[in-house]
Amino acid sequence: MAQRKNPKSHSRKEGRTTPVESKNGKRTEGGGGDAGGGPKFSMFTWFVVLALLGVWSSVAVVYFDIVDYDSVIGLKEAARPNLGDSPEDRTVLKTKETGEPEPEQQDVKPTETPTEETTSVSGSQDVESEIQAAVPLPPLEDSFVPDEPGDSKHPSEDETMAIDTTGVLVEEPPAEQSDVESEKYLTSSKLTQEAEPEPEPEPEPQTEKPKEAETDPEAEAAEKQSEEKLREKAKKKKPKLLNKFDKTIKAEIDAAEKLRKKGKVDEALKAFEALVQLYPESPRARYGKAQAEDDLAEKMRSNDMLHRAINSYREAAELPDATADLLRAALKRRAERQQFLGRMRGSLVTLERLVQIFPEDISLKNDLGVAHLLLGDNKSAKKVYEEVLAVAPSNGFAKVHYGFILKSENKIAESIPYLKEGLESGEPGTDDGRFYFHLGDALQRVGDNSAYHWYELGHKHGHFASVWQRSLYNVDGLKAQPWWTPKDTGYTDLVKMLERNWKTIRDEALAVMDQSTGRFVPEEENLREKGEWGQYTLWQQGRKVGNSCQGAPKTCSLLERFPEATGCKRGQIKFSVMHPGTHVWPHTGPTNCRLRMHLGLVIPKQGCRIRCTDQTREWEEGKVLIFDDSFEHEVWQEADSFRLIFIVDVWHPELTQYQRQTLSPI
């Protein structure tokens, strides 16, 4: 090392300017001083000195192990296979080859982002299919789908292109180091594996593989079938909601839609309103405004806001350049929301327009048929479904509804194949408890015991509480048993009052029957196979029926102090007279929220009986029978004179006061 000092000592002795060492390590003589001054020693001397200096430097490097050449070569060779793979790889290579110091490696955790962000940018930034998720029939995918192939971006692109509208600079994340370091946790690239080689695992002893690992042909077939379904689903044409103009403002539309999908409906509505103000000719902006109003109506539980949404859907559909998909989605959603508000005729008009615009769309015709049914216009609905079945004879949705209409016309045998084949199709809209209910009922009426097979299926699909208990408007968790005692109900005071005063109640009923005007109304629910069955109703849905109590004032007065009966919005209080030769089909009531009391008033000695599930009982004069009419029950009147009873429905005893006040009437 002493050799390095010689040149410096000689230069000082010569009185020359001290050589300046530049940034790149080269030495230069000072430029100042006499013009004629030059080096004292010859060029040959300096050449010898420099040669000796180089030799001694090499010896020092090797002797003191200043640089590990093997490690440098190894690093270079390890990095070479990744050359050009990515900008990050090139940066790593350049750092190592230039000899610049590398930053110390740190543990890098994956960047934590909110769940909503993670969901919204999975694979694509577009929002069109999310919009369609709000428009049922048929349901579309929940994931974002770009309108154009080029719209798909990597999730990090949104972050690096962030814009701060406040004028403050947006700080970009330190890209290269975090990206490369986090690659250890996310990939198994050659760079990662070779930089940190893992020890080779010791060979494990050979063991015989279990037979479970063998492929199951049935499972393999099922897997292939599911894969085919996924492919078919992917092939389906996604809805196009953007016209040419909307594509030019797509970024602004997407930003507003993203707010809506995050649940920030107030901000989303303001954003869409601003877009409509700026671009009144944009169907997509107006459709987004309608959806935001729709969402806000749900949030606020506001009918006024829902009216606004309904009008906005119409405005979006009426713009001249609206795409066919947007037109269909807007009008379809409009019809649904009109139905929700009870504007059935308005919904019907909207659906009729849709069918005119898209005459080949079977699903819209099916919806039109439902709209007619909701208005009670079975005749028009029947015509619609006949048209559908003429062009699509296997359409399951049309079949179940057509079968339902036939059964309502008392064409029992004709209705069965339509109801059965419609349910067997498994098409959307067919798995409904009402269709299982009516198919089973039709089969029972023709004496076909396979009815209970369909009731069992309805139960398995969650439509019925059990095969016997088939009511459709239920509160979960209520005690369910076909027959009850007064003590079970807790309404012992009511039962005692009825039994004490049964003759007074009977006399008023007979007086009403004897009136020449005839106040007993024939049963109109199509429950009779044969015979005559009349009813005189005092309370219906928790309210007195007109001036009916004028015919039975004492009876009404007795009941006034029992709100469990007079306030039962899901029941009735009525006299029921049944004449000889009457048979009431097996049937169930509509709800499990009530129990039914029968007080015997005039009961023939033989021939009158009632079955509930598999237990049959008979009435007694002055005595109360209590049963849950949500269970299947059947009545026979085979006596030689009329049977007269008093029916009192009461709330199920396990319902809370709040439930009794808030449940809808039936």
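Attention in this report is confined to the structure presented alongside it. (Residues numbered from 1 in each chain as written. Predicted model: local features only at pLDDT ≥ 70, side-chain atom pairs only at ≥ 80, totals over all residues. Heavy atoms only, no water.)

Describing helix α25 (residues 492-500)
Stage number 1. Within α25, the full set of buried residues consists of Leu494, Val495, Met497 and Leu498. When α25 is viewed along its axis, its buried side chains cluster within an angular range of 160° and face the same direction. Turned more than 90 degrees off the buried face of α25, the exposed positions are Asp493 and Arg500. (Buried < 20%, exposed > 50% of the residue type's maximum accessible area, 1.4 Å probe, protein only. Helix = DSSP H or I, 4+ residues; strand = E, 2+ residues; numbered from the N terminus. Arc of directions from axis to C-beta.)

Section: the side chain of Arg286
Stage number 1. Within the secondary structure, Arg286 sits in helix α14 (residues 283-300).
Stage number 2. With relative accessibility at 14%, the residue Arg286 sits in the buried group.
Stage number 3. Once residues within four sequence positions are removed from consideration, Arg286 is found in contact with Val276, Pro280, Ser312, Glu315, Ala316 and Leu319. (Contact = heavy atoms within 4.5 Å.)

Structural notes on the packing of helix α15 (residues 303-318) against helix α16 (residues 324-340)
Two quantities define a packed helix pair, namely the angle between the helix axes and the distance between the axes.
Stage number 1. Relative to each other, α15 and α16 sit at 155°, their axes nearing to 9 Å. Taken together, the axes of α15 and α16 are roughly antiparallel relative to one another. Both α15 and α16 take part in a crossing whose hand is left-handed. Where α15 abuts α16, its residues Leu306, Ile310, Tyr313, Arg314, Ala316 and Ala317 lie against Leu326, Leu327, Ala330, Leu331, Arg333, Arg334, Arg337, Gln338 and Phe340.
Stage number 2. Its residues assigned to classes, the contact of α15 with α16 comprises 10 nonpolar, 1 polar and 4 charged. (Axes fitted to C-alpha atoms, helices over the stretch in contact; angles between N-to-C directions. Parallel < 35°, antiparallel > 145°, perpendicular 65-115°, else oblique. Left-handed = near helix turned anticlockwise from the far one by under 90°. Nonpolar A, V, L, I, M, F, W, Y, C, P; charged D, E, K, R; others polar.)

Remarks on the state of the cysteines
Stage number 1. What the rule picks out here adds up to 1 disulfide.
Stage number 2. Between the sulfur atoms of Cys549 and its disulfide partner Cys556 the distance amounts to 2.0 Å. Judged by the sign of its S-S torsion, about -85°, the bond between Cys549 and Cys556 is left-handed. The pair Cys549 / Cys556 is uniform in exposure class, with both members buried.
Stage number 3. Looking at the unpaired Cys593, the closest cysteine sulfur is the one in Cys568, lying at 8.5 Å.
Stage number 4. When its relative accessible area of 0% is taken as the criterion, Cys593 is described as buried. (Disulfide = S-S within 2.5 Å.)

Overview of the pairing of strand β9 (residues 582-587)
Stage number 1. Within β9, 6 of the 6 residues are buried, which leaves it mostly tucked inside the rest of the structure.
Stage number 2. Across 2 bridges, the pairing between strand β5 (residues 528-530) and β9 is antiparallel. Bridged to Lys530 within β9 is His583.
Stage number 3. Where β9 meets strand β14 (residues 633-637), 4 bridges bridge the pair, whose relative direction is antiparallel. Considered in β14, the bridge of Val584 is made with Val635. (Pairing = 2+ DSSP bridges.)

Some remarks on the sheet that holds β5
Stage number 1. Read from one edge to the other, the open sheet built from 5 strands follows the order β5-β9-β14-β11-β12, with strand pairing classed as antiparallel. Whereas interior strands pair on both sides, the edge strands pair on one side only; in this sheet they are β5 and β12 (615-617). With direction set aside, neighbouring strand axes in the sheet form an average angle of 20°.

Here's the deal with the packing of aromatic side chains
Stage number 1. Applying the stated criterion across every chain yields a total of 12 aromatic pairs.
Stage number 2. Taking 6.4 Å as the distance between ring centres and 40° as the angle between the ring planes, the aromatic pair formed by Tyr436 and Trp454 counts as tilted. You can see Tyr436 sitting in helix α22 (residues 433-445) and its partner Trp454 sitting in helix α23 (residues 451-460), a full 18 residues away along the chain. Both residues of the pair, Tyr436 and Trp454, belong to the buried class.
Stage number 3. Ring centres of Tyr452 and Tyr455 lie 5.6 Å apart, and the angle between their planes is 75°; on these two criteria the pair is classed as edge-to-face. Of the two residues, Tyr452 and Tyr455 both sit in helix α23, 3 residues apart, roughly one turn of that helix.
Stage number 4. Overall, Tyr455 belongs to the buried group, its relative accessible area being 1%.
Stage number 5. Pairwise contacts between aromatic rings join Tyr452, Tyr455, Phe464 and Trp468 into one cluster.
Stage number 6. The positively charged end of Arg617 is found above the aromatic ring belonging to Trp483, 4.4 Å away from the centroid. (Phe/Tyr/Trp six-rings, centres within 6.5 Å; stacked < 30°, edge-to-face > 60°. Lys NZ or Arg CZ within 6 Å of the ring centre and 35° of its normal.)

Overview of empty space enclosed by the protein
Stage number 1. For the coordinates displayed, the defined rule picks out 1 cavity of 30 Å³ or more.
Stage number 2. Taken as a whole, the largest cavity holds about 30 Å³ of empty space.
Stage number 3. Along its surface, the largest cavity is lined by Trp539, Gln540, Gly542, Ala565, Thr566, Cys568, Gly571, Gln572, Ile573 and Asp649.
Stage number 4. Among the elements of the structure, β6 (533-540), α28 (563-566) and β8 (572-578) are those that each provide at least two residues to the lining of the largest cavity. (1 Å grid on protein atoms, 1.4 Å probe; cavity = no way out; pocket = protein on both sides within 12 Å on 5 of 7 lines; lining within 4 Å. Points joined across faces, edges and corners; volume = space filled by probe spheres on them.)

Here we look at the pairing of β6
Stage number 1. For β6, the tally of buried residues reaches 6 of 8 residues, placing the bulk of the element in the interior.
Stage number 2. Note: strand β4 (residues 521-522) against β6, 2 bridges, orientation antiparallel. The residue of β6 that forms the bridge with Pro522 is Gly534.
Stage number 3. As paired strands, β6 and β8 are joined by 7 bridges and run antiparallel to one another. Among the inter-strand pairings, Thr537 is bridged to a residue of β8, identified as Lys574.
Stage number 4. The pairing of β6 with strand β7 (residues 543-544) spans 2 bridges and is classified as antiparallel. When the sheet's bridge partners are listed, Gln540 is paired in β7 with Arg543.
Stage number 5. What sits between the antiparallel neighbours β6 and β7 is a turn of 2 residues, in which Gln541 has the positive phi angle 55°.

Structural notes on the nonpolar core
Stage number 1. Ranked by size, the top nonpolar core spans 41 residues in total, and within it Leu494, Leu498, Leu538, Phe575, Met597, Phe646 and Val648 carry the most contacts.
Stage number 2. Elements with a minimum of two residues in this core: α25, α26 (502-514), β6, α27 (553-559), β8, β10 (594-602), β13 (624-627) and β15 (643-651).
Stage number 3. Setting aside chain neighbours within four positions, we find Met597 in contact with Tyr491, Leu494, Val495, Leu498, Val624, Leu625, Ile626, Phe646, Ile647, Val648 and Val650.
Stage number 4. The next biggest cluster of nonpolar side chains, apart from the first, holds 40 residues, and it includes Ile249, Leu327, Ala329 and Ala330. (Core = buried A, V, L, I, M, F, W, Y, C linked by side-chain atoms within 4.5 Å.)

Concerning the pattern of salt bridges
Stage number 1. Within the structure shown, the criterion is met by 33 salt bridges.
Stage number 2. Put simply, Asp254 and Lys250 hold a salt bridge, and the shortest N to O gap is 2.6 Å. Of the two residues, Asp254 and Lys250 both sit in helix α12 (residues 250-261), 4 residues apart, roughly one turn of that helix. Taken as a pair, Asp254 and Lys250 share a single burial class, namely buried.
Stage number 3. In this structure, the salt-bridge partner of Glu257 is Arg260, at a minimum N-O distance of 2.8 Å. Here Glu257 and its partner Arg260 are both found in helix α12, 3 residues apart, which amounts to about one turn of the helix. By the burial criterion, Glu257 is buried, and Arg260 matches it.
Stage number 4. Overlapping salt bridges, with partners in common, bring together Asp294, Glu298, Arg333, Glu336 and Arg337 in one network. (Salt bridge = Lys/Arg side-chain N within 4 Å of Asp/Glu carboxyl O.)

What to know about helix α21 (residues 412-425)
Stage number 1. If you check α21, its first and last C-alpha atoms are 20 Å apart, about what 14 residues at 1.5 Å a residue would give, namely 20 Å.
Stage number 2. Turning to α21, its buried residues are Ile412, Ser415, Ile416, Leu419, Gly422 and Leu423. Within α21, the buried residues cover an arc of 155° as seen down the axis, which keeps them to one side. Exposed residues pointing more than 90 degrees away from the buried face of α21 are listed as Ala413 and Glu424. (Expected span 1.5 Å × (residues − 1).)

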